[in-house]
Structure formats: structure tokens, C-alpha cells
Amino acid sequence: MKSFANRTKGLKQSGIRAVTQMVNAYNGINLGQGICDLPTPEPIKSGAINAVNQDKSIYSYHSGISSLRSHVAQKFRSHNGISCEAEKNVMITNGSTGAFVAACLSILEPGDEVIQPEPYYGYHVQLLKLLGFTPVFVPLKQKDWRPDLAAIENAITPRTKAIVVTNPGNPAGTVWSEKELEGLLGIMKKHHIWAFTDEVYEYMTYDGHSHISLASLDSAFERTLTMTSFSKTFNMTGWRLGAAVGPEALIEKMGLINDLIYICPPTPLQYGLKEAFLMDESYYDTLSAEYDRRRTLFCDSLKKAGFSFRRPEGAYYVFASFENIHRAGVPGFENDLTACEQLIKETGIGSVPGSSFFSNPEDGRFWLRFCYAKDVAVLEDACERLESFGKKHGLTS
Ligand SMILES: Cc1ncc(COP(=O)(O)O)c(C=O)c1O
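Residues numbered from 1 in each chain as written. Predicted model: local features only at pLDDT ≥ 70, side-chain atom pairs only at ≥ 80, totals over all residues. Heavy atoms only, no water.

**Notes on the overall build of the chain**
What counts here: Secondary structure elements follow DSSP: runs of H or I no shorter than four residues count as helices, runs of E no shorter than two count as strands, and numbering proceeds from the N terminus. For this measure, only C-alpha atoms enter the radius of gyration; the expected value for a globule follows 2.2 Å times N^0.38, where N is the number of residues. Burial classes: relative accessible area under 20% of the type maximum marks a residue as buried, over 50% as exposed, and values in between as partly exposed (1.4 Å probe, protein chains only). The contact criterion used throughout is that any non-hydrogen atoms of two residues lie within 4.5 Å. With residues, only the protein chains shown are counted as cover, and all accessible areas are computed by Shrake-Rupley using a 1.4 Å probe.
Each helix and strand in the chain was counted, giving 15 helices and 13 strands. Taking 2.2 N^0.38 as the reference for a compact globule, 397 residues should give roughly 21 Å; the C-alpha atoms of the chain span a radius of gyration of 21 Å, in line with that estimate. With respect to the principal axes defined by its C-alpha atoms, the chain has extents near 60 × 55 × 50 Å. Per-residue burial for the chain yields a buried fraction of 54% across its 397 residues. Residue pairs in contact within the chain that sit at least 24 positions apart in sequence constitute 74% of those at least 6 positions apart. Element-wise, carbon and sulfur atoms account for 51% of the exposed surface of the chain, whose accessible area totals about 17300 Å².

**Topic: the state of the cysteines**
As a reminder, the rule being used: Pairs of cysteine sulfur atoms within 2.5 Å are identified as disulfides in what follows.
Within this structure, the stated rule accounts for zero disulfides. Cys371 provides the cysteine sulfur closest to Cys340, a residue in no disulfide bond, and the two sulfurs are 14 Å apart. Cys340 gets classed as buried once you look at its relative accessible area, which sits at 5%. Unpaired in terms of disulfides, Cys383 finds its nearest cysteine sulfur in Cys299, a separation of 9.2 Å.

**Details of empty space enclosed by the protein**
We apply this condition: Both cavities and pockets are sets of points on a 1 Å grid over the protein atoms alone; in a cavity a 1.4 Å probe fits but cannot get out, in a pocket the set is open with protein on both sides within 12 Å along at least five of seven lines, and lining residues sit with an atom within 4 Å of a point. Grid points are joined across faces, edges and corners, and a volume is the space filled by probe spheres set on the points. Put simply, Ala, Val, Leu, Ile, Met, Phe, Trp, Tyr, Cys and Pro go in the nonpolar bin, Asp, Glu, Lys and Arg in the charged bin, and everything else, Gly too, in the polar bin.
As enumerated under the stated definition, the model contains three cavities of 30 Å³ or more in all. Volume-wise, the largest cavity comes out at about 160 Å³. Taken together, 17 residues make up the lining of the largest cavity; nearest its centre are Pro117, Pro119, Leu140, Thr166 and Gly169. At the level of secondary structure, the elements contributing two or more residues to the lining of the largest cavity comprise strand S3 (113-118) and strand S5 (160-166). The biggest single contributor to the lining of the largest cavity is S5, with three residues. Class assignment for the residues of the lining of the largest cavity results in eleven nonpolar, six polar and no charged.

**What to know about a nonpolar patch on the surface**
Here is the rule we go by: Excluding any residue in a salt bridge, patches collect residues exceeding 30% relative accessible area, merging like charges within 9 Å and nonpolar Val, Leu, Ile, Met, Phe, Trp and Tyr side chains within 5 Å. Here a salt bridge means any side-chain nitrogen of Lys or Arg lying within 4 Å of a carboxyl oxygen belonging to Asp or Glu.
On the surface, Leu105, Leu260, Ile261 and Tyr262 cluster together into a nonpolar patch covering about 390 Å² of accessible area. Looking at where Ile261 falls in the secondary structure, it is placed in helix H10 (residues 248-261).

**Here's the deal with the layout of surface pockets**
What the second largest pocket holds in volume is close to 220 Å³. Lining the second largest pocket are His71, Gln74, Lys75, Ser78, His79, Tyr203, Ala276, Phe277, Met279, Glu281 and Tyr284. For the lining of the second largest pocket, the element with the most residues is helix H3 (residues 66-78), which contributes four residues. Looking at the lining of the second largest pocket residue by residue, the classes come out as five nonpolar, four polar and two charged.

**A short note on the site of the ligand**
Note the following rule: The cutoff for a nearby residue is simple: one of its non-hydrogen atoms must lie within 4 Å of the molecule or strand. Under the rule applied, a polar contact is a pair of N or O atoms within 3.5 Å (in protein, one hydrogen donor and one hydrogen acceptor; residues adjacent in sequence only if both atoms are side-chain atoms).
Residues in close proximity to the ligand total 14 residues, the closest being Thr97, Asp198, Tyr201, Ser229 and Ser231. In the environment of the ligand, an oxygen atom lies 2.7 Å from a nitrogen or oxygen atom belonging to the backbone of Ser96. Here an oxygen atom of the ligand and a side-chain polar atom of Thr97 are 2.5 Å apart. For the ligand, whose accessible area on its own is 400 Å², the fraction buried by protein is 92%. Those elements that place two or more of their residues in the shell around the ligand are helix H5 (95-107) and helix H9 (230-233). Grouping the amino acids of the shell around the ligand by side-chain chemistry returns four nonpolar, seven polar and three charged.

See the structure below:
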């Protein structure tokens, strides 16, 4: 039999699955995977059930049902300050991941370079590579995980066509300030590059950091593709629904690509999602407040376990260094892979090894990522386990 395509060679299932198996074997708590175990809001669920019962089961338009696009356009206008029209600028996508694929295929030629700040969200990088594009890595400033605009500009070459901006960030939780976004926009204009902004955690920000969409800045819209997701906002990661807003010509191309790859987002689920936009606005405040509560709880215990980190400004992860635990000579904490395993053995708590977020795995050697999007009772249990670990090894400060 002839061999598989070269592009499949570097593909492997992320270590997250192995972590999940090990956590289960220890009857532990998985804070590795970035999924939330809260329920999907009732109106969305019953909307989808009604749509299924009414046989709304056929393909929709490739860019989504028009009533949902109208709601989403209204959200982009009022919440994100992006002026847009439903029929011209907005599409419903198969998750934000579907939007990213369609955007890349619409804009990039094989071999084109895309600036990718790191630590990064792995799917962006893996997809760019799979599709034949070249990520060019630019580190966030390590002391505070802020974007380094000078380094971004230095990394631009004649082959650079776009930058990926994940705001709020995963794993480091950075929320870009208006000044940083303005600075980036200046660079984009000077070098004629696009931005793909991943804003899936837009409703989860803390300590007064507010999420600003790059596309809301003057003259940014025409060079920006904004992606959001309903996965995280409404606890429906498996429904595979997201949205994109951008210039008409780009959205048109992306729609055609979406048609070829997926035909359309799942029709009855789109009807369910429509109901989300009739829910009270207080939903979003509660969401943010609930995650803030979990963040405080979890960060306090993680500190008592000897980890050091910057408290996330947004999203729902803590990217934490265990270098102090390593220095204290705690067995097993030699590198991110052994530390991840050892932590499961001692506490049952699963995390993601830091090397998954860097182009050079060595950069992630002393880092683990924890997800605190968990039921409070489960999180409290995790916190107790972490605190006991800190006490046992004399790490509690
Ligand atoms: C930064 C980021 N973007 C995108 C996604 C996936 O979004 P979706 O489910 O809409 O494809 C995730 C999921 O963890 C994420 O962390």
C-alpha cells in the first residue's frame, strides 16, 4: 500500500488524553482539559430539542440560519463595538476552529508565514502546519506574559501575511490592552498584514481588565477576522458552534470554504443557540463572577502548593511554574512531563505539561496549565488536595 501523506507525519493526539486516562486510574480530578462541566443553559437545550422535533434537520445556508446571524451581528455591534451587517459580515461557523480553518484557507498561500505569539493555543499552530502554512513564533514577555510589539514587528518578513491574536489568551490569560491593540494595528497597517483574533474567552475577564475587540478600533475591521465561540460562553463545547465577523469579501470566501468542508453548521443546534440571545444580559455578568470566584479559590490553593504564576486576567486557566518545587528537591518535579505525572500520583490532579504550549519544548519545562472551569465542589476538593501537597513538602508560604 502506498504511504500516508507527509502532512500527517507530525500529527499526534495531544498528551491531554493520556493525562485523562491517568487521572481516571487514580480516581482524581482532571484540571487538564479546557472544558467546563457546567450545564448548557435550559433555553438553548429546549430550543434545540424543539428544532429536532419540528424536523429542522436539513442543511442550512453555509454561513448559518439568517435569524441566528442577525442575533450574532447585533451582539458584535453592541457588545464588541464592531460595526457589521448580518448578511454581509457575519457567519456562523463549526466552532471557532471551523472559522480559523476557513480564514486560513481564504487568505494564506502555501509557505506563507503567520506570526504566532507563544505560549500558544496548540490547535492554531497544528492547523497552520497541517494546512501548509508557517507559524513564526514570537514569545510573550515572560515576566508578565504581555505582547512584545517590537519583537512582533521584527519577526515580519515579506512572506508574513497574518498574525494570530488570542485575546484573552490561553494558556497565560493575557487580556490585550487598548494601547497594545493600537500598537499592533499600527504594525498591521505598516506591513499590510491580517489579524485572526480568537476571542473565545471574551466574557471571562477579571480585576477590571476588559476585553476589547481589535476590529472595533478605527480602520482595523478591514484587516481583521474576529472569531468567537459559543463553546465556552454557553458550556456547549460539543455542539461545535462559533461565529466570525469580518470584511464582506473575506466572509464570502470563508462561506464557500465552509460549504465545501462542512456544508453548514448543525441546523437544529443553530435554532437552539438562537435562544441564547433572548436570555437576560445578567447571564454574562454571572458567568464572569462565577469564574472569578473559582479563580480566586484555585489561585490561593495553587500558591499554597508552592507554584508561582501571574493571576490570569481572562479565560479560565492558570499557567503556573513549579520551578520552586523543583528547587526544593521534591522528587518527580524534574520537568513538565514528570511533574504532571507526579502531581497525579500524589494528588490525583491532572494538568497539561507546559511544553505543549511552546515551539521549543524546553521553554515549557517548568510549567503546567490548570483549568479551573469546574463545579465549585470539585474545585474545592482539588484545592484541598493541592494544599495538602504543599504542607506535606513544606512548600506552603
Ligand atoms: C483559545 C481557544 N480557541 C479556540 C478553542 C476551541 O473553540 P471551539 O470549540 O469554538 O472550536 C479553544 C478551546 O479550548 C481555545 O482555548
